[in-house]
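Survey of secondary and tertiary structure
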Amino acid sequence: MCLGMALAYQGAFHQPEPHHLKVAVVGTTAPDQVLAQTLKDRAGDALDVTTLPNRQSAEQQLRDRDLVGAYVPDANRPELLVAKGNSDTSAMAAEAVFQPVAAHQGVPLAVTDVAPLAAGYPTGQGIFFLLVALSIGSYASVAVIGTAGAALGIRLRALVGLATSLVVSAIGIVTAGPVFHIVDHQQVAIWALGWLYSAGIVAIGTGLHAFLKRWTTLTMMVLFVMLNFTTSGGIYRPELQNGFFGALHGFWNGAGFIEGARSILYFDGGAGLGGRVLSLALWLVVGLALLVAAGIYEQRQRTAAVTGPTAEPRSDELTEDELEELEETVAV
């Protein structure tokens, strides 16, 4: 576990650098085109630079989460448009790109946030800490259900897991909502998303326990901590990570919860929410499939234990033919 955590966390977070960070320059004049091309040439693969005709289109792309930052040139007051609800660290990276441009003009850079974060958690990482609570509550419950509930049938264990995920998601939304004000609106929607996320983990873990036994906890740590927290986008989104962790972000369940919650809270339920909900639902389907497989496996184990293997006769035991011959001899 120690080695896995060290490799996962340090590998994912030790050196955040832009990789195809999507930014735009707003304007259609020749100087605007030159600025965009210059940034692209100097940055290489670090930036994906485009130009947009007006501020309105820039704001729309930011709200659609297709951009990280949009620079509006101005001789006296250049402005950078960002959406911190998408990712505060990515917005900071975009600001680092365009601060030198404004400084070269000798004027300050004004930063406008089109998707501001919750007042109770201005860094935007509160959703990540909610993810941590939901994940640990879910995978730790699997160990209890698998051990204390070992004598129960798979259906009953599955129902206990469903109820457990409900409790875990309720604890999560109560602490993130009324207690710490990380989720200051749309609390029912975030709770439902959390329940779907938690139910998937508990179902997968309960199903795996039938096959893996004591190795289940390590497997759950790998799946839902080492690979999950690091690819969720809660600290750094894919544009600031290497290709491995960035690729997992596209379908891993932690990313589904984080990005789904961001879409609900800061982008009015748009910006790819449907795809993220679908990914969480598919993780739950995998869990249900594992539960079915576990049920079949355990039934076969019970049947084998009752019937037992067909024993070969020992050398000192009479065979059926020998027994019949002996009975006939006795009868005679």
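1. Looking at the pairing of strand β3 (residues 69-72)
In β3, alternate side chains face the same way, and those of G69 and Y71 on one face and A70 and V72 on the other are all buried. Judged from the three bridges that link them, strand β1 (residues 21-26) and β3 form a sheet pairing that is parallel. Among the inter-strand pairings, V25 is bridged to a residue of β3, identified as Y71. Where β3 folds back on strand β4 (residues 79-82), the antiparallel hairpin that results is connected by six residues.

2. Overview of helix α4 (residues 88-105)
Its 18 residues give α4 an end-to-end C-alpha distance of 26 Å, which sits within 8% of 26 Å, the value for a rise of 1.5 Å per residue. Bending of α4 peaks at approximately 30° at the position of F98, with proline P100 no more than four residues after it. Those residues of α4 that sit buried are D88, T89, S90, A91, A93, A94, V97, F98, V101 and A102. Positive backbone phi, approximately 80°, marks G106, located one or two places after α4.

3. Focus: the packing of aromatic side chains
Any pair of aromatic rings gets described here by the distance separating the centres and the angle formed by the planes. Considering all chains together, one arrives at twelve aromatic pairs under this definition. Aromatic ring contacts, followed pair by pair, group F224, F251, W252 and W283 into a single cluster.

4. Section: the environment of G172
Counting through the fold element by element, G172 comes out in helix α6 (residues 154-179). When its relative accessible area of 4% is taken as the criterion, G172 is described as buried. Residues G172 and T28, 144 residues apart in the sequence, show an inter-C-alpha distance of 47 Å. When neighbours within four sequence positions are excluded, G172 is seen to be in contact with L130 and L134.

5. With respect to the packing of helix α7 (residues 187-212) against helix α11 (residues 273-307)
Where α7 contacts α11, the two axes come as close as 8 Å, and the packing angle between them is 25°. Here α11 runs roughly parallel to α7, going by the angle between their axes. In this structure, α7 crosses over α11, and the sense of that crossing is left-handed. Here the residues of the contact of α7 with α11 sort into 21 nonpolar, four polar and one charged.

Procedures and definitions
- Each residue is numbered by its place in its chain's sequence as written, counting from 1.
- Only residues with pLDDT of at least 70 are given local features in this predicted model, and only at 80 or more are side-chain atom pairs given and counted; all residues enter the totals for whole chains, interfaces and linings.
- As a convention, hydrogens and water are excluded, and side-chain values are obtained from all of the structure's heavy atoms.
- Any residue under 20% of the maximum accessible area for its type is buried, any over 50% is exposed, and the rest in between are partly exposed; the area is computed with a 1.4 Å probe on protein chains only.
- We count a stretch as a helix when DSSP gives it H or I for four or more residues in a row; a strand needs E for two or more, and each element gets its number in order from the N terminus.
- Note: two strands are recorded as paired if DSSP finds a minimum of 2 bridges between them.
- One fewer than the residue count of a helix, multiplied by 1.5 Å, yields its expected span.
- Bend is the name given here to the angle between axes fitted to two runs of seven residues, the run ending at a residue and the run starting at it.
- Two rings belonging to Phe, Tyr or Trp (six-membered ring only in the last case) form a pair when the distance between their centres is within 6.5 Å. Interplanar angles under 30 degrees mark stacking, angles over 60 mark edge-to-face geometry, and anything in between is tilted.
- Note on contacts: a residue pair is in contact if any heavy atoms of the two residues lie within 4.5 Å.
- Between N-to-C directions, angles cover 0 to 180 degrees, with each direction set by a line fitted to C-alpha atoms, over the stretch in contact for helices.
- In these notes the angle categories are as follows: under 35 degrees is roughly parallel, over 145 is roughly antiparallel, 65 to 115 is roughly perpendicular, and the rest is oblique.
- Here a crossing is called left-handed whenever its near helix is offset anticlockwise from the far helix by less than a right angle, and right-handed whenever the offset is clockwise.
- Polarity classes work like this: nonpolar for Ala, Val, Leu, Ile, Met, Phe, Trp, Tyr, Cys and Pro, charged for Asp, Glu, Lys and Arg, and polar for all others, with Gly in that last group.

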